[in-house]
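Structural characterization, general
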Amino acid sequence: MNLVRPLSRAPSSIASSCQARSLAQTLLSCLAGGRLRRLLPAAHARAVVSEGLGDLFLANLLLRGYSKLGLLHDARHLFDGMLHRNLVSWSSAISMYAQHGGDEQALVLFAAFRESFDEVPNEFLLASVLRACTQSRVHFGEQVHGTALKLGLDVNIYVGTALINLYAKVACMDAAMRAFHALPAKNPVTWTAVITGYSQIGQCGLALDLFQKMGVQGVRPDRFVLASAVSACSALAFLKGGRQIHGYAYRSAAGMDASVVNALIDLYCKCSRPLVARKLFDRTENLNLVSWTTMIAGYMQNSLHAEAMDMFWQMCQAGSHPDVFACTSILTSCGSLEAIWQGRQIHAHAIKANLETDNYIKNALIDMYAKCGHLTVARAVFDALAHDDAVSYNAMIEGYSRQGDLTEALHIFHRMRYCSIRPNLLTFVSLLGVSSFQSAVELSKQIHGLIIRSGTSADLYIGSALIDAYSKCSLVDDAKAVFLLMHNRDMAIWNAMIFGHAQNEQGEEAVKLFSQLRASGVTPNDFTFVALVTVASNLASMFHGQQFHAQIIKAGADSNPHVSNALIDMYAKCGFIKEGWLLFESTCGKDVVCWNSMISTYAQHGHAEEALRVFQLMREAGVESNYVTFVGVLAACAHAGLVDEGLHHFNLMKTKYGIEPGTEHYASVVNLLGRSGKLHSAKEFIERIPIKPAAAVWRSLLSACRLFGNVEIGRYAAEMALLVDPSDSGPYVLLSNIYASKGLWADVQKLRLGMDYTGTMKEPGYSWIEVMKEVHTFIARGTEHPQAESIYAVLDELTSLLKDFGYLPDTSELPLLGDNG
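Calculation criteria
- Residues numbered from 1 in each chain as written.
- Predicted model: local features only at pLDDT ≥ 70, side-chain atom pairs only at ≥ 80, totals over all residues.
- Heavy atoms only, no water.
- Helix = DSSP H or I, 4+ residues; strand = E, 2+ residues; numbered from the N terminus.
- Buried < 20%, exposed > 50% of the residue type's maximum accessible area, 1.4 Å probe, protein only.
- Contact = heavy atoms within 4.5 Å.
- Areas by Shrake-Rupley, 256 points an atom, 1.4 Å probe, with all protein chains shown as cover.
- Salt bridge = Lys/Arg side-chain N within 4 Å of Asp/Glu carboxyl O.
- UniProt positions renumbered as here; feature names shortened; annotations may be inferred.
- Phe/Tyr/Trp six-rings, centres within 6.5 Å; stacked < 30°, edge-to-face > 60°.
- Lys NZ or Arg CZ within 6 Å of the ring centre and 35° of its normal.
- Expected span 1.5 Å × (residues − 1).
- Arc of directions from axis to C-beta.
- Core = buried A, V, L, I, M, F, W, Y, C linked by side-chain atoms within 4.5 Å.
- Patch = residues over 30% accessible without salt bridge, like charges linked within 9 Å, V, L, I, M, F, W, Y side chains within 5 Å.

As for the overall build of the protein chain
Counting its secondary structure elements, the protein chain contains 45 helices and 2 strands. In the protein chain, buried positions account for 47% of the 821 residues. In the protein chain, 61% of the contacts between residues at least 6 apart in sequence involve partners at least 24 apart. Here the protein chain displays about 42,400 Å² of accessible surface, and carbon together with sulfur accounts for 55% of that area.

Remarks on the pattern of salt bridges
For the structure shown, the criterion picks out 11 salt bridges. For Lys270, the salt bridge identified is with Asp266, shortest N-O distance 3.2 Å. Within this pair, Lys270 and its partner Asp266 are both found in helix 15 (residues 258–270), separated by 4 residues, close to a single helical turn. For Lys270, a relative accessible area of 43% puts it in the partly exposed group. Each member of the salt-bridge network shares a partner with another, and the members are Arg379, Asp383, Glu408 and Arg415.

Some details on the UniProt feature "repeat: PPR" (unreviewed entry) in the protein chain
Within this numbering scheme, the UniProt entry marks residues 55–89, 187–221, 288–322, 389–423, 490–524 and 591–625 as carrying the feature "repeat: PPR" (unreviewed entry). Helix makes up 74% of residues 389–423 and strand 0%, with an end-to-end C-alpha separation of 10 Å. As annotated, residues 490–524 has a helix share of 74% and a strand share of 0%, and its two end C-alpha atoms lie 10 Å apart.

Comments concerning the packing of aromatic side chains
Inspection of every chain in the model, using the stated rule, returns 16 aromatic pairs. For the pair Phe483 and Trp494, a centre-to-centre distance of 5.2 Å together with 75° between the ring planes defines the contact as edge-to-face. You can see Phe483 sitting in helix 28 (residues 476–485) and its partner Trp494 sitting in helix 29 (residues 491–503), a full 11 residues away along the chain. Take Trp494: its relative accessible area is 4%, and that puts it in the buried class. Feature note: the residues Trp581, Phe584, Trp595 and Tyr602 constitute an aromatic cluster, connected by ring pairs. One Lys or Arg, Lys186, reaches over the ring of Phe180 and ends 5.1 Å from the middle of that ring. Its end group placed over the ring of Trp494, Arg489 keeps NZ or CZ at 5.5 Å from the ring centre.

Digging into helix 6 (residues 103–116)
Helix length check: helix 6, at 14 residues, gives a terminal C-alpha distance of 20 Å against a target of 20 Å (1.5 Å per residue), a fit within 8%. Turning to helix 6, its buried residues number three or more, namely Asp103, Ala106, Leu107, Leu109, Phe110 and Phe113. The arc that holds every buried residue of helix 6, seen down its axis, measures 160°, which confines them to one face. In helix 6, those exposed residues whose orientation departs by more than 90 degrees from the buried face are Val108, Glu115 and Ser116. Its buried side turned inward, helix 6 meets helix 4 (72–81), helix 5 (87–99), helix 7 (123–132) and helix 8 (138–151).

Considering the nonpolar core
By size, the foremost hydrophobic cluster in this structure holds 228 residues, and its most contacted members are Ile195 and Leu701. For Ile195, the contacting residues outside a window of four places in its chain are Ala207, Leu210, Phe211, Met214, Val225, Ser228 and Ala229.

Some thoughts on a nonpolar patch on the surface
Taken together, Tyr792, Val794, Leu795, Leu798, Leu801 and Phe805 make up a surface patch of nonpolar side chains, about 610 Å² in accessible area. Here Leu801 shows up in helix 45 (residues 788–804). Given the relative accessible area of 42%, Leu801 is considered partly exposed.

Below is the structure:
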């Protein structure tokens, strides 16, 4: 019997196979360990030399290794050179591109797979293809979804999760939830996909509901789920929920993960807890660039701009290179602090890092330079970098608006429309700001027309800007019409209307509106109380002022510096200076405005020594004086006749404090010299002023001339004041009183004829008194009051009694215009 011996394999083939298996074992250990980058090229070279690449298992391991290292070019070269490929080969190559951002290449490879390979795709391959489907490839993803349904792989955990991610990416959460519910089993990655999806489309409440259901079903959240849930809490400013998640993360290993820590830092910053965020930041060891950027942005969002600057420089010193988001945040802080030197440094860094052309950076640069008052540089950046971007145009318009440059703001707006860039809410709000600042009534109405055409007139942000614009243009009825059209009014709308009434001396209307606000269930805020206290100040109504003060204390708003400053001013204007001082003393953290209010209060009421004492206390407290401070100080010196001390403070303004004197300061010095009888010195001082003297400066000299009866200088001062402002009735009245005091009645008559010729009218004097909680307003020689006839009868009787006792009226200061008094 002949035995047929089996064919033996060639020795070289056996050796090659053995070597391939040996290399495969080595690669497997490398993939599991940390030596892959060092050993992979050597293993590949040995496989080529030993002809081991014919072994499909080894070739796939090499392909997987290159993919893990992100060496896409080497992996593709290996894949293209493979004589044989199986499902694992195709799946590895497609997965590699999907994981490393090569979405288009992944889809091209999948198309090649369908054309050249007979086997059906498995769950890993389909999941990779679905991950590669970007927003523009959703239809292709839907086709892949159809393939998964045919193969029954739509219920596979990998494919199902990839489908959820795809649909969530394009905000198709209904489709995402259908895929979610179709899965028989769900892992943390699946839950993360739906939770993140709802968070990204702003439905954070649903995201947190799913997070809660996940816990009920016993699925242990991983770091990605926790980070997504914390982000949802941040968006909702849901501090309590965020703290609960923080507690869970702290008890688990996930509490130390950078993504969770960063999400928590963001949560505390967005919930106005920057100190808590900083403590968490300082306790974290594995800080990354996102950690630094989040903390810097958090400080910026909470208006802690100095702290944001310090954090930025610490980040640079720690070796982290600021990215687009860090630079954008710090440029915002530079603009808010008007820190132009630091802003220029960030600009230089952006250029070096090739970030200057990024949309966020260029807009932040324009905004920073504009806020720092460097509009020429801002315009240069705008002209060089702005390309069809509404944000850039808005930043530039806002910059000009802030400087009150209506012409340039409108020029940029016209250019914006010429380039077919659609204005948005911020554009209109900026334009309304500058138009209201300059009381440009017609422009405000035109902008309102454009707002109506754009379909944004119902927006609350726009509504408050329109109310403010019309109020500043004294069109309160138009402002009220806008207010009544706004439904679901927020606090900003109510505040704008209350301020509008306050600005236009409609105090009673403001108080009535406040009553409506309370009846509507809306809770007033600090700005509301500032407006109401201002109303009480304008009315000199202590009754209303004390009521508002009580409500402020009840609401806990008395610690706000703006509110306390308004209260101090209110008590002073109502004549309750002692109460104002007690409130001032009890105020914690007094800012410069608070000190200025107290100095001005004492100065206006003739308490010069107290005003100067407060100024000394302010200096001892280390609070830096400003422009307004010296207006009060110089006024106090003028009232007390402290010429040398007043001139000393005036000279220190520029030399020591770097404050450029303005019209108010020059007028105070003239008043200081004039009240002391130094009329010639006052006149010479005005002639040495480096700027064109305003009418108010000449009126100060004219008032001093009336006091001392100096006709010659008085006539000159009146002529100069009228040259500056011919429509001002003040110089006529003051000069008339000088003539009357000297018995120059012919000159008085000439002045009256001159006023008639120029059409100048003297504004009538107003006075008011609060009786039985009601404010009564009187106009000089007016008969508007309902009890005017009775009041004048009593006055006539009193005048008669005075004459009977020998009283002689002082006729040295007769009214220039009879009926207007």
